[in-house]
Amino acid sequence: MNKLYVNLGENSYNISFHSDFGKLLGVLEEIGAPKKLMVVTDTNVEKLYAEEVISLLTDGDYDVGCYAFEAGEENKTPQTVLDICSACMEHKMDRKSMIIALGGGVVGDMAGFAAAIYMRGISFVQVPTTLLSQSDSSVGGKTGVDFAGAKNILGAFLQPKHVYINVSTIKTLPEREIVSGMGEVIKHGIIRDEKFFEFLNENYDLINALDTDTLIYMSNKNCSIKAQVVEADEKESGVRAHLNFGHTIGHAIESASNYTLTHGECVGLGMMAASFIAEQRGLITDTDLERIILLLENYDFETKVDITDYEAIINLMLSDKKTISGKIRFVLPVCLGKVEIFDDVTKDEIVSALEFISNDGGI
Ligand code: NAD
Ligand code: GLY
């Protein structure tokens with residue numbers, strides 16, 4: 001089996017890479033999954049994959065419940081998590097039972113959070129079905145929900161028992177969701193691995209055509225970078241913050257757009273803005289900045305966005321949970337493949353970066 005070990009002591013697990021769901025039963029057996037399972041999914045993924053996965057599990061003699069919530073970030077709420085917990089109670093799940101998170105990042109984050117709090121914690125397995133969740137959110141154990149207008153403000157760390165990546169599922173994703181997911185993949189190249197960055201550059205045609213073998217290679221390489229970072233700093237007290245590259249400005253734009261732009265689209269814009277700040281500070285060359293912008297452009301990222309109120313964007317950054325003691329923290333590249341954390345970025349630098357990615361080009 002094509003797999004990767006995430007070494008986190010007693011929280012260690014494997015990520016496995018597949019072109020179908022055929023090995024799911026084998027994986028559950030390998031990790032000693034209990035017989036009582038709850039598949040948590042959303043209404044879109046339910047229509048596409050729930051039947052196949054549930055009948056497979058039922059054939060394997062598992063006692064399977066299923067809870068599907070209405071798809072969409074707007075449903076990433078505490079109420080949905082409580083609904084998942086109610087479904088677990090109705091299915092008579094106990095402390096040994098397990099949740100299977102079948103879906104994108106919204107499913108994974110909420111199913112994981114429900115697993116973290118149900119009976120003070122039960123186990124769960126991630127079966128991510130979007131490129132974003134396969135390349136980022138299913139690995140690393142961050143779970144949670146949005147609350148009172150703040151993204152992922154309630155949550156818990158709970159590592160999954162396994163991450164089962166069936167790359168073929170992304171073939172049913174809308175084009176825009178593929179672009180969104182590529183943002184996190186490109187991010188991993190920029191923060192840790194110039195060779196991987198080049199691989200993404202050189203293999204655009206195969207990746208864009210969703211060639212299965214290329215996707216499996218890309219997914220494995222991508223997850224190995226994310227896993228390395230998580231292994232070094234599971235609870236984000238240090239280098240895990242590097243994964244926030246592009247997110248400081250990205251999250252604020254996402255929120256200002258009222259979530260009409262996807263997470264990945266905003267991370268793309270945020271990476272361009274952060275790279276611009278790095279170039280202006282002389283941390284990276286203008287050639288590096290150009291390479292970053294070009295790669296994002298090649299993968300269909302917008303390089304400009306309508307920003308009318310820079311002050312509002314900066315205020316959103318100040319209220320982000322990544323901001324500590326009123327200091328906005330930036331992750332900036334210092335060369336391709338390496339980033340550092342800075343908390344001395346000035347308001348002027350932020351405004352210039354916003355101008356750089358803005359259609360308006362001024363306040
Ligand atoms: P999502 O889960 O909302 O999925 C996007 C859309 O694709 C949804 O409409 C979904 O129903 C649909 N979908 C899912 N799989 C599909 C498939 N195979 N075919 C067709 N449609 C499919 O969003 P996402 O982009 O996967 O994840 C975004 C979420 O992830 C955000 O809430 C973000 O906060 C979170 N996130 C978490 C982490 C983490 O470390 N926990 C990291 C990054 C992002
Ligand atoms: N997506 C950021 C992290 O997992 O830390």
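Check the entry above for the structure.
Read on for an overview of the structure. (Residues numbered from 1 in each chain as written. Chains lettered and ligands numbered in written order. Predicted model: local features only at pLDDT ≥ 70, side-chain atom pairs only at ≥ 80, totals over all residues. Heavy atoms only, no water.)

## Points about the site of ligand 1
Glu73, Lys76, Gly105, Thr130 and Thr172 are the nearest of the 25 residues found near ligand 1. The contact in question runs from an oxygen atom of ligand 1 to an N or O atom on the side chain of Glu73, over 2.6 Å. Take Gly105: an N or O atom from its main chain is 2.7 Å from an oxygen atom of ligand 1. A total of 860 Å² of accessible area belongs to ligand 1 in isolation, and the protein chains cover 89% of it. Those elements that provide at least two residues to the shell around ligand 1 are helix H2 (43-59), helix H4 (105-117), helix H5 (131-137) and strand E8 (150-157). If one sorts the elements of the shell around ligand 1 by residue count, H2 sits on top with four residues. When the residues that make up the shell around ligand 1 are grouped by side-chain class, the tally is seven nonpolar, nine polar and nine charged. (Near = heavy atom within 4 Å. Polar contact = N/O pair within 3.5 Å; in protein donor to acceptor, adjacent residues only side chain to side chain. Areas by Shrake-Rupley, 256 points an atom, 1.4 Å probe, with all protein chains shown as cover. Helix = DSSP H or I, 4+ residues; strand = E, 2+ residues; numbered from the N terminus. Nonpolar A, V, L, I, M, F, W, Y, C, P; charged D, E, K, R; others polar.)

## Quick look at the sheet that holds strand E6 (residues 123-128)
Pairing is mixed across the open sheet formed by seven strands, whose spatial order is E1-E2-E9-E6-E5-E3-E4. Strands at the two margins of the open sheet, each flanked by one partner only, are strand E1 (2-6) and strand E4 (63-69). Shown here is a sheet whose adjacent strand axes are inclined to one another by a mean of 20°, direction ignored. Bridge count between strand E5 (residues 98-103) and E6: six bridges; the pairing is parallel. When the sheet's bridge partners are listed, Leu102 is paired in E6 with Val127. Against the sheet, helix H3 (residues 78-90) engages strand E3 (36-42), E4 and E5, with an angle of about 160° to E4. Across the sheet, helix H9 (residues 212-232) lies against E1, strand E2 (13-18) and strand E9 (162-166), angled at about 5° from E1, the strand it touches most. (Pairing = 2+ DSSP bridges. Axes fitted to C-alpha atoms, helices over the stretch in contact; angles between N-to-C directions. Contact = heavy atoms within 4.5 Å.)

## Examining the site of ligand 2
Taken together, Asp136, Lys142, Lys226, Glu236, Arg240 and Leu243 form the complete shell of residues around ligand 2. Between ligand 2 and Lys142 there is a distance of 2.8 Å, counted from an oxygen atom to a side-chain nitrogen or oxygen. Lys226 places a side-chain nitrogen or oxygen 2.5 Å from an oxygen atom of ligand 2. If ligand 2 stood free it would expose 200 Å²; the protein chains cover 88% of that surface. Looking at the shell around ligand 2, its residues break down into one nonpolar, no polar and five charged.

## Here we look at the side chain of Thr130
Following the sequence through the fold, Thr130 ends up in the loop between E6 and H5. Thr130 sits in the buried class, given a relative accessible area of 16%. Polar contacts involving the side chain of Thr130 include one to the side chain of Ser133, which spans 2.7 Å. If we skip the residues at most four places from it in the chain, Thr130 touches Gly103, Gly104, Gly105, Ile170 and Leu173. (Buried < 20%, exposed > 50% of the residue type's maximum accessible area, 1.4 Å probe, protein only.)

## Some points on unusual backbone geometry
A positive phi is found at Ala148, a non-glycine position, where the angle reads about 50°. Along the chain, Ala148 turns up in the loop between strand E7 (142-147) and E8. Taking relative accessible area as the criterion, Ala148 reaches 72% and is therefore assigned exposed. Phi angles above zero are rare outside glycine, and Glu236 is one such case at about 55°. Position of Glu236 relative to the elements: it lies in the loop between H9 and helix H10 (247-256).

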